[in-house]
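Structural overview
As a plain string of letters, each chain reads:
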Amino acid sequence: MTVELRSPAGPAGARILGVGAYRPPRVVSNAEISLAIDSSDEWIVSRSGIRSRRFAGADEPLGGMAAGAAGKAMAHAGISAADLSCVLVATMSNVVQSPSLATDVAARLGAEGVAAFDVSAACAGFSYALAMANDMIRAGSARYVVVIGAERMTDIIDPHDRGTAFLFGDGAGAVVVGPSGTAGIGPVVWGSDVSKRDVIGHDSSYLRWRESPELPWPVMRMDGPQVFRWASWQMAPVAQRALAAAGIEASDLAAFIPHQANIRIIDTMCRVLRLPKSVVVARDIATTGNTSGASIPLAMEDLLARQQAPSGGLALLVGFGAGLVYAAQVVRLP
């Protein structure tokens, strides 16, 4: 006799119900960064579009920033910690191996008994986690999920490295994903190009540093030109596939919110995608820098806070980073 397992029944769709952000109060100018890397404001702006970024202080731990963003997203969505089913945190800069950052965040939020885990997909981490939240809700295994991108990139970069020090900043962004009568999050298009796995990554392991403490602390390095070429030309086709999977055209979009890696990459993708002028393009990188997994939700929150993108409008999200991994999806803005 075959026993049939009961399958959970989920809603017809899921959507983003609220968004929140945490930006450290310390603003770091290009002039300050240039002191350590023998550069200039003009050079940094021309290479990246970045004019300033935020650095977290000793009293701003990664979990605290993540919980701060999550709390604002929950308030925006009108839910409490008791409503949550799961806490998902996308991060690449958590230097505490265990327990997970997500459990730290759940504790800070007072979310007892929820599922909680981290997603390690670098700068595509938020898009990966958002896709997982969408699938969890539609499958019936969760009702409300808070998805957080949180980074203290200053913990893992070399402040004297001319190739990375001017690019990265700290911060956290979050969204609440919940049930919907219609689809508010389109199919994810994701993957990896492991042939270029070594163009972004740490220069050594923490194990090697433990064995030889006289060696420098492991830090993230990047082959900037390779990353620039790959992202500029390989991510536009991924974005086009996400539009097709959602059944829409670029002209249907209200906003384009790519990972805030480099303004030149963003501008190149806009040209290749032939986005109409009606589409608002997130360029939060100018004052926030590259915050890796936090950059997409931070840029989304910025557009909505400044009323540059309409509530309910469609937005194309594209994340890409170390691995090299990527993901794109169309969402309806909260």
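Relevant structure appears above.
Residues numbered from 1 in each chain as written. Predicted model: local features only at pLDDT ≥ 70, side-chain atom pairs only at ≥ 80, totals over all residues. Heavy atoms only, no water.

Inspection of helix α8 (residues 263-273) places I263, I265, I266, T268, M269, C270 and L273 among the buried residues, and these make up the whole buried set. In this structure, the buried side of α8 is in contact with α2 (41-48), α7 (224-246), β11 (255-258), β12 (280-281), α9 (285-288) and β13 (314-321). Structurally, the start of α8 carries an N-cap: the backbone nitrogen of R264 is 2.7 Å from a side-chain oxygen of N262. A positive backbone phi angle near 55° is found at R274, which sits one or two residues after α8. (Buried < 20%, exposed > 50% of the residue type's maximum accessible area, 1.4 Å probe, protein only. Helix = DSSP H or I, 4+ residues; strand = E, 2+ residues; numbered from the N terminus. Contact = heavy atoms within 4.5 Å. Polar contact = N/O pair within 3.5 Å; in protein donor to acceptor, adjacent residues only side chain to side chain.)

Along the chain, S93 falls in the loop between β4 (86-90) and α4 (101-109). On the basis of relative accessible area, S93 is assigned to the buried category, the value being 2%. At 2.6 Å, the side chain of S93 and the side chain of E151 are in polar contact. Setting aside chain neighbours within four positions, we find S93 in contact with L62, A150, E151, R152, M153 and I156.

The next subject is a nonpolar patch on the surface. Together, V95, V96, Y206, W209 and W217 make up an exposed nonpolar region whose accessible area comes to about 440 Å². Looking at the element boundaries, V96 is found in the loop between β4 and α4. Judged by relative accessible area, V96 falls into the partly exposed class, the value being 45%. (Patch = residues over 30% accessible without salt bridge, like charges linked within 9 Å, V, L, I, M, F, W, Y side chains within 5 Å. Areas by Shrake-Rupley, 256 points an atom, 1.4 Å probe, with all protein chains shown as cover. Salt bridge = Lys/Arg side-chain N within 4 Å of Asp/Glu carboxyl O.)

Contact pair helix α3 (residues 62-77) / α4: the axes reach a minimum separation of 9 Å and the direction vectors enclose 55°. For the element pair α3 / α4, the angle class is oblique. For α3 against α4, the interelement crossing comes out right-handed. Along its contact with α3, which presents L62, G63, G64, A66, A67, A70, G71 and M74, the element α4 presents L101, D104, V105, R108 and L109. Here the contact of α3 with α4 is built from residues that sort into 8 nonpolar, 3 polar and 2 charged. (Axes fitted to C-alpha atoms, helices over the stretch in contact; angles between N-to-C directions. Parallel < 35°, antiparallel > 145°, perpendicular 65-115°, else oblique. Left-handed = near helix turned anticlockwise from the far one by under 90°. Nonpolar A, V, L, I, M, F, W, Y, C, P; charged D, E, K, R; others polar.)

The next thing to look at is the sheet that holds strand β14 (residues 325-332). The strands making up a sheet associate through hydrogen bonds between their backbones, and the pairing can be parallel or antiparallel. Strands sit in the order β8-β14-β13-β11-β12 across an open sheet of 5 strands; the sheet is mixed. Each end of this open sheet is capped by a strand with a single partner; those strands are β8 (189-192) and β12. As defined by bridge partners, β11 adjoins β12 across 2 bridges and the pair is classed as parallel. Counterpart to F256 in the pairing with β12 is V281. In the packing of helix α5 (residues 125-139) onto the sheet, contacts are made with β8, β13 and β14, and the angle to β14 comes to roughly 55°. Against the sheet, α7 contacts β8, β13 and β14, and its axis sits at roughly 40° relative to β14. (Pairing = 2+ DSSP bridges.)

Quick look at the sheet that holds strand β5 (residues 115-119) now. With respect to topology, 5 strands assemble into an open sheet ordered β1-β7-β6-β4-β5, the strand pairing being mixed. Here the strands that pair on one side only, and so sit at the sheet edges, are β1 (13-22) and β5. Adjacent strand axes in the sheet meet at a mean angle of 20°, parallel and antiparallel pairs treated alike. Two elements, strand β6 (residues 145-152) and strand β7 (residues 170-180), share 8 bridges in a ladder whose sense is antiparallel. Within the sheet, the bridge partner assigned to V146 lies in β7 and is V176. Along the sheet, α3 contacts β1, β6 and β7; its crossing angle with β1, the most-contacted strand, is approximately 125°.

On to the pattern of salt bridges, then. One pass over the full model with this rule turns up 11 salt bridges. Across the salt bridge formed by E32 and R26, the nearest N and O atoms sit 2.3 Å from each other. A relative accessible area of 34% means that E32 is categorised as partly exposed. Among the residues examined, R26 registers a relative accessible area of 41% and is labelled partly exposed. Between D302 and R306 there is a salt bridge; the shortest N-O distance is 2.7 Å.

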